[in-house]
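So you can see what is in the structure, the chains are spelled out below.
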Amino acid sequence: MYAAMAIDAGVAEPRYADASDDALMLAYQQGEEAAFREIVRRHAGLVRGLARRQLSREADQKDIVQQTFLQLHRARFDYRGDDKLRPWLATIAINLVKMHFRRRGRRPEVSLEVEHVHERETVGFEGQLEVAEQRVRVRRALAKLPAAQREVIELHWFQQLSFREVSDAVGASLSAVKVRAHRGYQRLRTLLAKEVTP
Amino acid sequence: MNTPDPCQAVREALIRRADLSEAARAHLARCPACEALADDEGRLARALAGSEPPEATDDLLAALGPMLQAEDRSAVGRLRAWPTWARIAAVFAAAALTVLVIVLVKPRPDLPTYPGGRTLWVLGSLGVAALLLSILALRPLHRALASRGQVALTSLAATGWVALVCLTGLPTDYDPSASVFVQQALHCLAFGALFSAPALVLAIKLDRSPSPRFWAAALVGGLAANATLHIFCPIEHAGHQIAGHWAVMALLLLAGLAWRASTTRR
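Below or above, wherever it landed, is the structure these notes cover. Quick caveat: nothing in here was measured; it's all calculated off a predicted structure.

Let us look at the packing of aromatic side chains. Applying the stated criterion across every chain, the model contains seven aromatic pairs over all chains. Arranged with centres 5.7 Å apart and planes meeting at 85°, the rings of B:Trp121 and B:Trp161 form a pair that is edge-to-face. Residue B:Trp121 is located in helix H8 (residues 116–137), and its partner B:Trp161 is located in helix H9 (residues 148–167); the two are separated by 40 residues in the primary sequence. Exposure remark for B:Trp121: the relative accessible area of 46% places this residue in the partly exposed category. Its relative accessible area of 42% is what places B:Trp161 among the partly exposed residues. Residue placement shows A:Arg76 over the ring face of A:Tyr28; its charged tip is 5.8 Å from the ring centre. Its guanidinium or amino end placed over the ring of A:Trp157, B:Arg11 lies 4.7 Å from that ring's centre, counting from NZ or CZ.

See the structure below:
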């Protein structure tokens, strides 16, 4: 069924390009391989970003991304129409990262490496450098946040989940999540201001 | 896809340096997180927006193909794809079936005269605890993970409760020699380990997570063993029950710890 998956992840599946996540999951439950490819194409960035910001080793990041979609495959019949796919995937990825650290008995880490910059060609070399430096600054500041605040900012800002979805994903109350976000953003702003002002 | 989120509208306006709409301003007053983002003319929002990583187009799908194929080809993989309620029901059914087989094949000699109310109370308590722990053992990863404290508390409460139910109110007229005591305890321990196997193996195999939650599976297996031993063994004494029946759970937990230590080393 999945033998023909070696396709470009950036190309949309024409049949499912406009389908909602719910429709994709329904088709996937019925064995439509193309629906799964579209799900991966649509949400791989979300999972990759999450893994990249939590783990420093590239091999670990890749493993978490693959494991997340494997878990989605295993859990596909748990999906009901009233679920939301993005929070699902974010929760799976976060749980896998937590399990990764539990297995290794280490504290969460944040990658500070400058990643490859694949910006549009209109952005010149200096622009690319600036973008890369900005990313490092943000990552360094994120690394200094307590894990609980970082996790909430990861989901709220980077994965664009609503606070209700974030609270479901991290298993905390809505008000606790909002407080963590507020404190995290304030601290992040202070840290970034310090980085810019020598 | 996503439900419309007022935070999103504020975020986009801050990134674009656009004026905030009435609705966005009203949201700012209610949402401290967005308020923190909007402070300092939204500089933080723009810094975070600039840090979005580019969309990579590597060979993720190519790597996933063989993994999913292998998953679908294996019997365990197909079972793991069952909905969570069905996986939990399967583990519970395995434990119940073990009890039923012993009821039909080799029940304790005094079962016909044994108080039915107590049997129901003991089996019912063990069943509820096993169900609770099966839910913990098979909790899917798209739900938030329980903290270690929550897990420990739930496990202790469930097993503590059934231990209290099973071990209180037992007769005291059991006074074998040490060698007989050990022999009888070992006999029940060996059978208990055997009785625990169906529920234990299913709880491990049906767990979808990359590192199975062996502790919870061990507790489920131990509870299944205790329920079956209640039907199998006529010795109603706390000492025997601790050494022969409840020791099964301890044995399984120790095996789980050893297994985990060996996999962590690898």
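Now that the structure is up, let's keep going.
On to the pattern of salt bridges, then. Across all of its chains, the model carries 13 salt bridges over all chains by this definition. The shortest N-O distance in the salt bridge between A:Asp60 and A:Arg57 comes to 3.5 Å. B:Glu71 is the partner of A:Arg74 in a salt bridge, and the nearest nitrogen-oxygen pair spans 2.8 Å. Of the two residues, A:Arg74 is situated in helix H3 (residues 58–74) and B:Glu71 in helix H5 (residues 60–73); the pairing between them involves two chains. Neither residue differs from the other here; A:Arg74 and B:Glu71 are each classed as buried.

For the rest of this paragraph, the subject is the nonpolar core. Ranked by size, the top nonpolar core spans 79 residues in total, and within it A:Phe69, A:Leu72, A:Leu155, A:Tyr185, A:Leu188 and B:Leu48 carry the most contacts. When residues of this core are assigned to their parent elements, the largest contribution, 11 residues, is made by helix H4 (residues 85–104) of chain A. In this structure B:Leu48 touches A:Val138, A:Trp157, A:Phe158, A:Tyr185, A:Leu188 and B:Leu37, once residues within four positions along its chain are discounted. Ranked by size, the runner-up nonpolar core spans 46 residues in total, among them B:Leu126, B:Val162, B:Phe214 and B:Phe232.

On to the state of the cysteines. When the sulfur atoms of two cysteines share a covalent bond, that bond is a disulfide. Residue and element names in this part refer to chain B. The tally for this structure, following the rule as stated, stands at zero disulfides over all chains. Cys 7 provides the cysteine sulfur closest to Cys 34, a residue in no disulfide bond, and the two sulfurs are 3.7 Å apart. Note on Cys 34: relative accessible area 1%, which makes it buried. In this structure Cys 166 is not part of a disulfide, and its nearest cysteine sulfur, from Cys 233, lies 12 Å away. Assessed through its relative accessible area of 6%, Cys 166 is described here as buried.

Residues and elements named next belong to chain B. Assignment of secondary structure puts Ala 250 in helix H12 (residues 238–265). When its relative accessible area of 40% is taken as the criterion, Ala 250 is described as partly exposed. Measuring from C-alpha to C-alpha, the distance between Ala 250 and Val 165 comes to 18 Å, with 85 residues separating the pair along the chain.

Criteria and cut-off values
Residues numbered from 1 in each chain as written. Chains lettered and ligands numbered in written order. Predicted model: local features only at pLDDT ≥ 70, side-chain atom pairs only at ≥ 80, totals over all residues. Heavy atoms only, no water. Phe/Tyr/Trp six-rings, centres within 6.5 Å; stacked < 30°, edge-to-face > 60°. Helix = DSSP H or I, 4+ residues; strand = E, 2+ residues; numbered from the N terminus. Buried < 20%, exposed > 50% of the residue type's maximum accessible area, 1.4 Å probe, protein only. Lys NZ or Arg CZ within 6 Å of the ring centre and 35° of its normal. Salt bridge = Lys/Arg side-chain N within 4 Å of Asp/Glu carboxyl O. Core = buried A, V, L, I, M, F, W, Y, C linked by side-chain atoms within 4.5 Å. Contact = heavy atoms within 4.5 Å. Disulfide = S-S within 2.5 Å.

It is worth stressing that arrangement in space is one thing and function is another; only the former is reported here.
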